[in-house]
Number of protein chains: 2
Amino acid sequence: MTYCIAMRLKEGLLFASDTRTNAGVDQIASFRKMHLFQKAGERCFALLTSGNLATSQYLINRLQQQIADNEEANLLAAHSLFDAAELVGDLVKSIIAQTAAGQQNAGVDFGCHVLFGGQIQGAPPSLFHIYPEGNFIEATEDTPYLQIGESKYGKPILDRIIRFDTSLDHATKCALISFDSTMHSNLSVGMPLDIATYRCDSLELSSKRIQENDEYFQRLRNAWSSGIRLLFDDLP
Amino acid sequence: MTYCIAMRLKEGLLFASDTRTNAGVDQIASFRKMHLFQKAGERCFALLTSGNLATSQYLINRLQQQIADNEEANLLAAHSLFDAAELVGDLVKSIIAQTAAGQQNAGVDFGCHVLFGGQIQGAPPSLFHIYPEGNFIEATEDTPYLQIGESKYGKPILDRIIRFDTSLDHATKCALISFDSTMHSNLSVGMPLDIATYRCDSLELSSKRIQENDEYFQRLRNAWSSGIRLLFDDLP
């Protein structure tokens, strides 16, 4: 499984993903699910994937190849974020169709979900959830966060904290706690985590990998865990 | 959907269930999912169901009928809780088989899950999760709680708080918060709630229905919600 969160807030964008993949409990591996595409000072995108790993990796490779070969349709040449999302959606759909065509139906799901967001100079930042069918929805002020993968365990804390005007720092903290809760309850989501933040109009993504022994994450987990227990004891 | 929790703790047993059923979002209704069976001073059982409502109601009716008709196999005559669980499991399995037999496969799932626990005089309390296949697992000191239905949203708080030696009062509070988180994030779980607690060797179940306007539940929800936000703000 996988867990990814992305938010579109007043201050900017936030992306977070785990790195665990599994095909059965005896085949667990670590793969990056967050990929950044940037053209300094002009545009930057982050893309998170869940679902079939072969499809996800194919998608990333094609997107990179399109840029390297300077193809007519490529992320760095898209006129708008909407066009860029459409490009990703069309690719996802065609990769799945191509993989599924002409083979036995062995019950394998080739689908992958994508969270895709960023900003192009001159337009506001946007964030999309792109479905395996290639269509997509956009995060709005009413629903500023989107999740893919094993999303239920970590949703209650997002529902309680995240609003459109939540600060990026607060949102980052909240995302980390959402991951902590998920990893507590579900083995298929695991460390290390990738976090990327984006401040509106900066046209520069800042990303970080958080390892198991990350000092701040450890302090946060412990403070949250003991805080929850204290709060709980104090309840009426 | 449905959400039910049951716990087997050092002090006794706890059962909690919501009352919302839905067949699509435009067909929502309220049904009791908690049923108690007691023989004063000798034995008492609580039974929670999730899944197909027709199967669940058929199960409850058959169990009541067995008792009313004083059939050889009935819950109040079972020699042990294990035997009682086997009786319930066999019934679940046969109801599903009987309903599914001789009709088109229209993609309807006739399955239901059951949490079943209680105590018979002279033996310790036990708690079982009975599967649609009729077999079952028992809660132990290592894993003192079991869930059925829409269980993921409310699991993190149980994982953080519930241990075998958690007091019944604490466990009740924790169950209510687990329901609150679930109802926040998922419309298919809804008020009112049914709660039943059982103190070891008392041979008497105490049950309560908590309505939307329940004064204590409101205070608890508000204290938790504002406490979480304060705790969150104070994090490093």
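For the structure itself, consult the block above.
These numbers come from a predicted model, not from an experiment. (Residues numbered from 1 in each chain as written. Chains lettered and ligands numbered in written order. Predicted model: local features only at pLDDT ≥ 70, side-chain atom pairs only at ≥ 80, totals over all residues. Heavy atoms only, no water.)

Quick notes on the overall build of chain A
Quick note on the threshold: Going along the chain from the N terminus, every DSSP run of H or I of four or more residues is numbered as a helix, and every run of E of two or more is numbered as a strand. When we talk radius of gyration, it's over C-alpha atoms, and the globule rule is simply 2.2 Å times the number of residues to the 0.38. Exposure categories follow from relative accessible area, calculated using a 1.4 Å probe and restricted to protein chains: below 20% of the type maximum is buried, above 50% is exposed, and the middle band is partly exposed. In this description, contact between two residues means that some pair of their heavy atoms is separated by no more than 4.5 Å. To measure how exposed things are, a 1.4 Å probe is used in the Shrake-Rupley method; for residues, cover is taken only from the protein chains shown. The charge count treats Lys and Arg as positive and Asp and Glu as negative. His and the chain ends do not count. For charged residues, the charge sits on one atom: NZ in Lys, CZ in Arg, CG in Asp, CD in Glu.
Looking only at helices and strands, one finds 5 helices and 12 strands in chain A. Scaling as 2.2 N^0.38, a compact globule of 236 residues should have a C-alpha radius of gyration of about 18 Å, and chain A matches this with 18 Å. Its C-alpha atoms give chain A principal-axis dimensions of roughly 60 × 45 × 30 Å. Each of the 236 residues in chain A was classed as buried or not, and the buried ones make up 55%. Taking contacts inside chain A between residues at least 6 apart in sequence as the whole, the part at least 24 apart equals 62%. Carbon and sulfur atoms make up 49% of the accessible area of chain A, which amounts to about 10,600 Å² in all. Charge separation in chain A, taken as the distance between the mean sites of 20 positive and 28 negative side-chain charges, equals 4 Å.

Considerations on the pairing of strand β5 (residues 34-39) of chain A
Residue and element names in this part refer to chain A. This is how the line gets drawn: For two strands to be treated as a pair, DSSP must find no fewer than two bridges joining them.
In terms of strand pairing, β5 meets strand β6 (residues 43-51) through 6 bridges, oriented antiparallel. Its bridge partner being in β6, Phe37 is matched across the sheet by Phe45. As consecutive antiparallel partners, β5 and β6 are separated by 3 residues, and within that stretch Gly41 has a phi angle of approximately 70°, a positive value.

With respect to helix α2 (residues 81-100) of chain B
All names here are of chain B. Cut-off, in case you're wondering: In this analysis, the expected span of each helix is defined as 1.5 Å times one less than the number of residues it contains.
Along its 20 residues, α2 runs 29 Å from first to last C-alpha, staying within 8% of the 28 Å computed at 1.5 Å per residue. Of the surrounding elements, those touching the buried residues of α2 are β6 (43-51), α1 (53-68), β7 (112-120), β8 (126-130) and β9 (136-138). At the C-terminal side of α2, Gly102 shows a positive phi close to 65°.

Observations regarding helix α4 (residues 168-185) of chain A
The end-to-end C-alpha distance of α4 of chain A is 26 Å, a good match for the 26 Å that 18 residues give at a rise of 1.5 Å each. Counting buried residues along α4 of chain A, 15 of its 18 residues qualify, which places the element largely inside the surrounding structure.

Focus: the environment of Glu212 of chain A
Residues and elements named next belong to chain A. Topologically, Glu212 is positioned in the loop between β12 (205-210) and α5 (215-234). Relative accessible area serves as the criterion here: at 46%, Glu212 is assigned to the partly exposed category. Taking C-alpha positions, Glu212 is 5.9 Å from Pro192, a pair spaced 20 residues apart along the chain. Excluding anything up to four places from it in sequence, Glu212 contacts Met191, Gln218 and Arg221.

Topic: the interface of chain B and chain A
Interface size is often expressed as the accessible area that is lost when the parts come together. Note the cut-off: What gets called buried area is simply the loss in accessible area from a 1.4 Å probe that two parts show on being joined, summed for both. We count a salt bridge whenever a side-chain nitrogen from Lys or Arg sits within 4 Å of a carboxyl oxygen from Asp or Glu. Think of a polar contact as two N or O atoms within 3.5 Å of one another; within protein, one of them needs to be a possible hydrogen donor and the other a possible acceptor, and neighboring residues in sequence only count if both atoms come from side chains.
With 31 residues of chain B at the interface, the matching set in chain A holds 31 residues. For the chain B face of the interface with chain A, the top three residues by lost area are Arg160, Phe232 and Pro236 of chain B, together amounting to 27%. Glu150 of chain B serves as the salt-bridge partner of Lys152 of chain A, at 2.9 Å between the closest nitrogen and oxygen. Joining chain B to chain A, the criterion identifies 18 residue pairs in polar contact (both at pLDDT 80 or more). With 12 residues, helix α5 (residues 215-234) of chain B is the single largest residue contributor to the side of chain B that touches chain A.

Description of the nonpolar core
Using the following cut-off: We call a set of buried Ala, Val, Leu, Ile, Met, Phe, Trp, Tyr and Cys residues a nonpolar core when their side-chain atoms join them within 4.5 Å.
Membership of the largest hydrophobic core comes to 62 residues, with the highest contact counts inside it found for Met7, Ile162 and Trp224 of chain A together with Met7, Ile162 and Trp224 of chain B. Filtering out sequence-adjacent residues up to four positions away, Met7 of chain A remains in contact with Gly12, Leu13, Leu14, Leu127, Pro144, Tyr145, Leu158, Ile162, Ala171 and Ala175 of chain A.

A closer look at the sheet that holds β12 of chain A
Residue and element names in this part refer to chain A. Convention followed: Angles run from 0 to 180 degrees between N-to-C directions of axes, and those axes are lines fitted to C-alpha atoms, restricted for helices to the stretch in contact.
Spatially, β10-β1-β2-β11-β12 is the arrangement adopted by the 5 strands of the open sheet, whose pairing is antiparallel. Edge positions in the sheet fall to β10 (145-149) and β12, since each has one partner strand and no second. Here the strands of the sheet are splayed against their neighbours by 10° on average, with no regard to which way each runs.

A word on the relation of the copies chain B and chain A
What counts, and what does not: The copies were overlaid by least squares, fitting only the C-alpha atoms of residues that reach a pLDDT of 70 or more in each copy.
In the superposition of chain B on chain A (RMSD 0.0 Å, axial shift 0.0 Å), the rotation amounts to 180°. Here the copies are linked by what is in effect a two-fold axis. Proximity to the rotation axis, assessed at the C-alpha, singles out Tyr153 of chain B in chain B; its C-alpha lies 2.4 Å from the axis. Most of the interface of chain B is mirrored in chain A: 100% of its interface residues are interface residues there too.

Description of the side chain of Asn52 of chain B
All names here are of chain B. If you trace the backbone, Asn52 turns up in the loop between β6 and α1. Looking at Asn52, the relative accessible area reads 16%, which means it is buried. Not counting chain neighbours up to four residues away, the residues in contact with Asn52 comprise Val108, Asp109, Phe110, Gly111 and Cys112.

Quick notes on the sheet that holds strand β1 (residues 3-8) of chain B
All names here are of chain B. The sheet built from 5 strands is open, its strands ordered β10-β1-β2-β11-β12 with antiparallel pairing. Strands at the two margins of the open sheet, each flanked by one partner only, are β10 (145-149) and β12 (205-210). Strand-to-strand twist across the sheet, computed as the mean angle between neighbouring axes with direction ignored, equals 10°.

Things to note about the pattern of salt bridges
Applying the stated rule across the entire model yields 30 salt bridges over all chains. Between Glu11 of chain B and Arg199 of chain B there is a salt bridge, with its nearest N and O atoms 2.9 Å apart. On the criterion of sequence distance, the pair formed by Glu11 of chain B in the loop between β1 and β2 (12-17) and Arg199 of chain B in strand β11 (residues 193-199) is long-range, its members being 188 residues apart. With a relative accessible area of 32%, Glu11 of chain B lands in the partly exposed category. In this structure, Lys208 of chain B engages Asp214 of chain B in a salt bridge whose closest nitrogen and oxygen atoms are separated by 3.4 Å. For Asp214 of chain B, a relative accessible area of 13% corresponds to the buried category. Residues joined in a network through salt bridges with shared partners are Arg160 of chain A together with Asp180, Glu212 and Arg221 of chain B.

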